[in-house]
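Structural overview for review
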Amino acid sequence: MNNSLIVLKRTKVVFVIKEETEISGLLRTEKQPKEFEFGIYTLGDLSPSPVDGFIPNPRARMKEIVAAAMLADEAGIDVFGVGEHHRLDFVLTSPPVVLAAIAHATKRIKLTSATTVLGTSDPVRVFEDFSTLDLLSDGRAEVIVGRGAYIESFPLFGYELSDYKELFQEKLGLLLELNEHERISWTGNFRSALIESEISPRPFQPRLPLWIGVGGTPQSAELAGQSGAGMALAILGGDPAKFKPLVETYRKAGIQAGHKLEALQVAITSHGYIANTTEQAMNDYYPHYANYVSRFMSGPGQSALMSREHFDTLADPLSALAVGSPELLVEKILAQHELFGHNRFMAQFDIGGMPFSKVASSIELLATKVMPVVRKELRKRASKTD
């Protein structure tokens with residue numbers, strides 16, 4: 001692949017992705033309609049291909065990630081997120097640096113971490129980095145913070161795993177304060193005190209949109225609600241209905257803390273893949289999903305490759321795993337909206353060595369076949385309740 005020029009050809013769609021020097025003057029305003037949002041995110045895994053064993057080099061993988069963001073921007077996707085892992089089988093360790101490159105190459109798409117591991121980060125540095133990104137992108141930056149599913153950053157940055165919970169709670173509180181005030185005095189247990197410290201730069205937006213990544217515990221959902229931040233709920237499989245109590249806990253905690261219901265936003269994030277038919281999607285996705293699960297989502301002694309039968313069960317039409325035809329994805333998202341009343345859906349397409357061409361095809365189908373149908377139906381439902 002020529003990394004300086006990528007040409008993607010689809011039916012009636014041609015995307016030419018190359019270096020751009022034009023600075024976008026497109027600004028977001030509060031007057032834009034609040035529609036249900038769609039996003040994609042990547043963790044940048046460097047998995048060997050289950051087909052031929054090829055392992056992408058980090059430079060090529062990074063180029064693909066930027067290309068995917070550009071394609072998503074051109075296609076009308078609302079949000080693009082990049083993750084944070086500190087190990088050799090992932091390429092993404094610094095979300096704001098990668099997002100700054102993407103900001104230069106895109107015009108309208110929102111840019112977020114997915115997620116920033118706040119417990120082992122300095123909240124002041126996080127705020128400064130994303131405020132800088134917000135200025136560079138004309139107000140398109142967001143931050144999703146979380147505890148993190150992996151623990152490699154704790155010894156890497158000199159933190160004790162035994163402080164896992166307390167680190168996140170303290171640093172979240174500080175980040176919320178930084179988002180509100182240009183000068184701050186603050187004292188905590190895990191970093192030096194701040195005494196009338198100037199916090200700069202301030203973001204282009206009045207405040208950085210903050211979300212808290214929640215994996216499945218009521219305590220995390222409650223904390224997200226109390227903070228008033230959005231909740232990005234990871235539902236990677238199984239019956240979505242099992243997660244409804246978490247959304248209820250989040251909203252209840254938020255209202256009790258004095259936050260307005262309309263300010264308590266919920267995003268559902270999921271692994272996914274879209275093809276023209278569900279059969280094709282299942283066949284394309286299975287080897288890559290099984291590859292990813294065996295490498296990154298299996299516990300000790302559970303690294304054996306997932307069977308196709310097990311995969312078929314996980315990708316059942318009633319399951320949260322977002323794999324199938326555009327029509328099936330529409331059904332899944334609308335069914336989840338009945339449960340959660342959420343504001344955003346985000347999918348991770350590029351896992352387990354999935355070829356970039358198939359990632360690009362999924363992005364196109366999400367934008368052209370899923371987004372408009374879901375939005376039309378949600379507008380229809382909303383009009384009936386007005």
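Here, every reference points to the structure presented above.
The notes below deal with the structure included here.

So, how was this worked out
- Residues numbered from 1 in each chain as written.
- Predicted model: local features only at pLDDT ≥ 70, side-chain atom pairs only at ≥ 80, totals over all residues.
- Heavy atoms only, no water.
- Helix = DSSP H or I, 4+ residues; strand = E, 2+ residues; numbered from the N terminus.
- Buried < 20%, exposed > 50% of the residue type's maximum accessible area, 1.4 Å probe, protein only.
- Contact = heavy atoms within 4.5 Å.
- Areas by Shrake-Rupley, 256 points an atom, 1.4 Å probe, with all protein chains shown as cover.
- Polar contact = N/O pair within 3.5 Å; in protein donor to acceptor, adjacent residues only side chain to side chain.
- Expected span 1.5 Å × (residues − 1).
- Bend = angle between axes of the 7 residues up to and from the residue.
- 1 Å grid on protein atoms, 1.4 Å probe; cavity = no way out; pocket = protein on both sides within 12 Å on 5 of 7 lines; lining within 4 Å.
- Points joined across faces, edges and corners; volume = space filled by probe spheres on them.
- Nonpolar A, V, L, I, M, F, W, Y, C, P; charged D, E, K, R; others polar.
- Salt bridge = Lys/Arg side-chain N within 4 Å of Asp/Glu carboxyl O.
- Axes fitted to C-alpha atoms, helices over the stretch in contact; angles between N-to-C directions.
- Left-handed = near helix turned anticlockwise from the far one by under 90°.

Moving on, we come to the overall build of the protein. Counting its regular elements, the protein contains 11 helices and 14 strands. Here the protein holds 386 residues, and 51% of them are scored as buried. Residue pairs at least 24 apart in sequence account for 72% of intrachain contacts in the protein once pairs closer than 6 positions are excluded. Total accessible area computed for the protein in this model is approximately 18100 Å², and 54% of it derives from carbon and sulfur atoms.

This part is about the side chain of His 288. As for its placement among the helices and strands, His 288 is situated in helix α8 (residues 278–297). A polar atom in the side chain of His 288 sits 3.4 Å from the backbone nitrogen of Met 354.

The next point concerns helix α7 (residues 244–256). The terminal C-alpha atoms of α7, which comprises 13 residues, lie 18 Å apart, in line with the 18 Å expected from a rise of 1.5 Å per residue. Buried residues in α7 make contact with α6 (218–227), β11 (230–234), β12 (266–274) and α10 (326–340).

With that out of the way, let us pick up helix α11 (residues 356–385). The end-to-end C-alpha distance of α11, which contains 30 residues, comes to 42 Å, matching closely the 44 Å that a straight helix rising 1.5 Å per residue would cover. The largest bend along α11 measures about 35 degrees and falls at Val 370, with the proline Pro 372 one to four residues further on.

What follows is about the layout of surface pockets. The calculated volume of the second largest pocket comes to roughly 970 Å³. Lining the second largest pocket are 38 residues, with Thr 115, Gly 148, Ala 149, Gly 215 and Ala 234 sitting closest to its centre. Residue composition of the lining of the second largest pocket, grouped by class: 19 nonpolar, 15 polar and four charged.

On inspection of all chains with the given rule, the structure shows one cavity of 30 Å³ or more. By volume, the largest cavity is sized at about 40 Å³. Surrounding the largest cavity, Ile 40, Tyr 41, Thr 42, Ala 68, Phe 80, Phe 349, Asp 350 and Val 359 form its lining. The element that contributes the greatest number of residues to the lining of the largest cavity is strand β3 (residues 37–42), accounting for three residues. Residues of the lining of the largest cavity, tallied by class, amount to six nonpolar, one polar and one charged.

Right, let's get into the environment of Lys 260. Examined against the element boundaries, Lys 260 turns out to sit in the loop between α7 and β12. We classify Lys 260 as exposed; its relative accessible area is 58%. The sequence separation of Lys 260 and Gly 228 amounts to 32 residues, and the corresponding C-alpha distance is 8.6 Å.

Tallied over the full model, the rule gives 19 salt bridges. Its salt-bridge partner being Arg 381, residue Glu 377 comes within 3.2 Å of it at the nearest N-O pair. Separated by four residues within a single helix, Glu 377 and Arg 381 lie in helix α11, roughly one turn from each other. A single network of salt bridges, built from pairs that share partners, joins Glu 37, Lys 110, Glu 142 and Arg 344.

Here the focus is the packing of α10 against α11. In helix packing, the relevant descriptors are the interaxial angle and the interaxial distance, both defined with respect to the helix axes. Two elements in contact, α10 and α11, have axes separated by 9 Å at closest approach and are oriented at 35 degrees. Taken as a pair, α10 and α11 cross one another with a handedness that is right-handed. Residues Pro 326, Leu 329, Val 330, Ile 333, Leu 334, His 337 and Glu 338 of α10 form the contact with α11, whose own contacting residues are Leu 365, Lys 369, Val 370, Val 373, Val 374, Glu 377, Leu 378 and Arg 381. For the contact of α10 with α11, the per-class residue count stands at 10 nonpolar, one polar and four charged.

Before going further, it helps to spend a moment on the environment of Phe 345. As for its position among the elements, Phe 345 is in strand β14 (residues 344–348). Once the C-alpha coordinates of Phe 345 and Glu 37 are considered, the two residues, 308 residues apart in sequence, prove to be 6.4 Å apart. With sequence-adjacent residues up to four places away left out, Phe 345 is seen in contact with Phe 36, Glu 37, Phe 38, Gly 39, Ile 268, Ser 270, Ala 322 and Ile 333.

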